[in-house]
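The lines below spell out each chain.
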Amino acid sequence: MKMFVRPHQLPGRLAAAAVILNSGLGKAGADAETAAGLQGMATTAYPFLGRMDPVTFARLLSRGEIVLGAALLAPFVPSLLAGAALTGFAASLLGLYVKVPGLRQEGSLRPTQQGIGMVKDLWLLGIGLGLVIEELCERDHD
């Protein structure tokens, strides 16, 4: 099995994987009320998600997080691919932070007390972009 991850990339991939896997596993058995809450928040930022059944939405979100977490853990998944997926996921979470009322101080990107948990997802974006940029720069040197 060929390794597509450099040793120094492992800490970031493992940290992100642990958080994302935990989140996905936590949503795996979401009841209807929890699913509706998840979908309601997501729909505030991404209205098209409102067309889905809430339980289906929660199930797909859970599976997506589990797949992303597993991809970050798997050393045979290229860092460019894992980083691109992580970047997209983190950007969607930060989209929630920007668009959901009450998470930011008015007229600012600074978080409110309720927004601190969401704005912390910025580190996921940093890890994802770091993986992507490094891999793209390495390709330019080959």
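Structure first, text after, so check above.
All values derive from a computational prediction rather than experimental measurement.

## Points about the packing of helix α2 (residues 32–45) against helix α3 (residues 54–73)
Relative placement of two packed helices is described by the angle separating their axes and the distance separating the axes. Two elements in contact, α2 and α3, have axes separated by 8 Å at closest approach and are oriented at 80°. By the angle between their axes, α2 is roughly perpendicular relative to α3. Between α2 and α3, the contacting residues are Ala32, Ala35, Ala36, Leu38, Gln39 and Ala42 on the first element and Pro54, Val55, Phe57 and Ala58 on the second. Among the residues making up the contact of α2 with α3, the classes are represented as nine nonpolar, one polar and no charged.

## Observations concerning α2
Its 14 residues place the ends of α2 20 Å apart at the C-alpha level, agreeing with the 20 Å of an ideal helix rising 1.5 Å per residue. For α2, the full list of buried residues reads Ala35, Gln39, Ala42 and Ala45. Seen along its axis, α2 keeps its buried residues to an arc of 110°; they face one direction. Where α2 is buried, its residues contact α3 and α4 (79–99).

## Focus on the pattern of salt bridges
On inspection of all chains with the given rule, the structure shows three salt bridges. Between Glu138 and Arg6 there is a salt bridge, with its nearest N and O atoms 3.7 Å apart. Placement of the pair is Glu138 in helix α6 (residues 122–141) and Arg6 in the segment before α1 (10–27), with a sequence separation of 132 residues. Assessed through its relative accessible area of 32%, Glu138 is described here as partly exposed. Between Glu65 and Lys27 there is a salt bridge, with the nearest N and O atoms lying 3.1 Å from each other. Taken together, the positions of Glu65 in helix α3 and Lys27 in helix α1 put the pair 38 residues apart, joining distant regions of the chain. With relative accessibility at 4%, the residue Glu65 sits in the buried group. Linked by salt bridges that have partners in common, Arg6, Glu135 and Glu138 make up one network.

Conventions and cut-offs
Residues numbered from 1 in each chain as written. Predicted model: local features only at pLDDT ≥ 70, side-chain atom pairs only at ≥ 80, totals over all residues. Heavy atoms only, no water. Axes fitted to C-alpha atoms, helices over the stretch in contact; angles between N-to-C directions. Helix = DSSP H or I, 4+ residues; strand = E, 2+ residues; numbered from the N terminus. Parallel < 35°, antiparallel > 145°, perpendicular 65-115°, else oblique. Contact = heavy atoms within 4.5 Å. Nonpolar A, V, L, I, M, F, W, Y, C, P; charged D, E, K, R; others polar. Expected span 1.5 Å × (residues − 1). Buried < 20%, exposed > 50% of the residue type's maximum accessible area, 1.4 Å probe, protein only. Arc of directions from axis to C-beta. Salt bridge = Lys/Arg side-chain N within 4 Å of Asp/Glu carboxyl O.

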